Amino acid sequence: METNSENACFGGTQGVYTHPSKSCGCDMTFGLFLPQEAKDGPVPLLWFLSGLTCTHENAMIKAGAQAWAADHGIAVVFPDTSPRGDDVADDEAYDLGKGAGFYVNATQQPWAPHFQMWDYITNELPNLLDHNFALDMERQAITGHSMGGHGALTIAMSLPDRFRSVSAFAPICHPTASDWGRKQFTTYLGEDQSKWAAHDATLLMRSKGFDGPVLVDTGTKDQFIDLLQPEALAEAVNERRQEATLRLQAGYDHSYFFIATFMEEHVAFHADALYA
């Protein structure tokens with residue numbers, strides 16, 4: 001693992017690191033904020049999964065998570081959204097290829113050799129973090145934005161014993177039923193729609209739910225709200241009688257201004273679960 005940078009940040013350290021990834025078959029970069037408490041021993045970990053077109057940098061720089069994480073003594077990891085490199089398959093469309101890994105393990109060519117983001121996020125990167133930093137991997141929570149919100153919800157419901165809480169900003173809630181999902185799932189996973197269900201938060205909520213608190217915020221002026229389908233997730237939550245807080249925030253769009261506005265509440269929400 002190579003240290004790209006480490007900067008003092010709210011009493012702790014904001015680092016950026018690169019490592020060779022076996023899952024993705026290329027070098028992967030991530031950001032990690034460690035609060036000052038990490039100098040004395042392992043601290044809880046919050047995952048932030050970013051959305052389409054993003055890298056590890058977007059949320060690390062724009063979301064304002066470090067200030068609130070420092071207040072609660074929580075580390076925050078900012079993974080990349082997809083594999084990178086000259087040999088990695090790509091597409092001219094912004095919603096496919098580099099920057100659009102959708103947190104799945106691709107089975108179709110030419111994507112399968114590198115687009116193994118599910119394994120990277122759920123297995124390889126956690127193991128690397130556990131062995132190299134002062135983190136309490138028994139206390140983890142997860143959040144994300146848009147495509148990353150989709151990833152946070154699906155990963156949390158698929159690995160219920162790992163995360164104590166899950167939240168999302170403007171998540172893609174029902175990708176199997178929207179153009180924003182059907183295209184990517186067909187490309188990455190093939191035509192067999194039975195393989196798509198494991199990556200649909202609405203379907204997972206109906207079949208599995210989450211044994212813990214859930215928080216989801218979506219802006220009423222989100223330019224992608226018809227593709228996000230927050231109402232589908234709300235219906236599934238009601239059907240299951242799942243513990244959840246689902247909020248429509250008046251006037252907010254899909255931008256990082258929206259995320260930064262409510263980041264304090266999301267970090268505090270996770271802190272309550274991580275320190276319970």
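Above this note sits the structure.
All figures in this text were calculated on a predicted structure; none of them were measured in a lab.

**Student:** Please set out the packing of helix 2 (residues 65-72) against helix 9 (residues 256-274) residue by residue, giving values where relevant.
**Tutor:** The relative placement of two packed helices comes down to the angle between their axes together with the axis-to-axis distance. At a minimum axis separation of 9 Å, helix 2 and helix 9 run at an interaxial angle of 30°. It follows from the interaxial angle that helix 2 and helix 9 lie roughly parallel. The interaxial crossing formed by helix 2 with helix 9 has right-handed handedness. Contact residues: Ala65, Trp68, Ala69 and His72 in helix 2; Met263, Glu264, Val267, Ala268 and Ala271 in helix 9. Along the lines of polarity and charge, the residues of the contact of helix 2 with helix 9 split into 7 nonpolar, 1 polar and 1 charged.

**Student:** Please give an account of the pattern of salt bridges that cites residues and values.
**Tutor:** Using the criterion set out here, one finds 6 salt bridges in the structure. As a salt-bridge pair, Asp80 and Arg84 come within 2.8 Å of each other at their nearest N and O atoms. By relative accessible area, Arg84 is classed as partly exposed at 26%. The partner of Asp136 in a salt bridge is Arg139, and the shortest N-O contact between them spans 2.7 Å. Take Asp136 and Arg139: they sit in the same class, and that class is buried. In the salt-bridge network here, residues are joined through shared partners; they are Asp217, Arg247 and Glu265.

**Student:** Give me the lowdown on the sheet that holds strand 7 (residues 163-169), citing residues and values where you can.
**Tutor:** What links the strands of a sheet is backbone hydrogen bonding, and the strands pair in either a parallel or an antiparallel sense. Judged by pairing direction, the sheet is mixed, and its 9 strands sit side by side in the order 1-2-3-5-4-6-7-8-9 without closing on themselves. One side of each edge strand has no neighbouring strand; the edge strands of this open sheet are strand 1 (2-9) and strand 9 (245-249). Strand after strand, the sheet turns through a mean of 20° between neighbouring axes, direction not considered. Summarising the sheet, strand 6 (residues 135-144) and strand 7 pair through 2 bridges and their orientation is parallel. Paired with Ile142 across the strands is Val166, a residue of strand 7. Each of strand 4 (43-49), strand 6, strand 7, strand 8 (214-219) and strand 9 touches helix 9; the most contacted strand, strand 7, lies at about 165° to it.

Reading the values: rules and limits
- Residues numbered from 1 in each chain as written.
- Predicted model: local features only at pLDDT ≥ 70, side-chain atom pairs only at ≥ 80, totals over all residues.
- Heavy atoms only, no water.
- Axes fitted to C-alpha atoms, helices over the stretch in contact; angles between N-to-C directions.
- Helix = DSSP H or I, 4+ residues; strand = E, 2+ residues; numbered from the N terminus.
- Parallel < 35°, antiparallel > 145°, perpendicular 65-115°, else oblique.
- Left-handed = near helix turned anticlockwise from the far one by under 90°.
- Contact = heavy atoms within 4.5 Å.
- Nonpolar A, V, L, I, M, F, W, Y, C, P; charged D, E, K, R; others polar.
- Salt bridge = Lys/Arg side-chain N within 4 Å of Asp/Glu carboxyl O.
- Buried < 20%, exposed > 50% of the residue type's maximum accessible area, 1.4 Å probe, protein only.
- Pairing = 2+ DSSP bridges.

So yeah, pure geometry; function would need other evidence.
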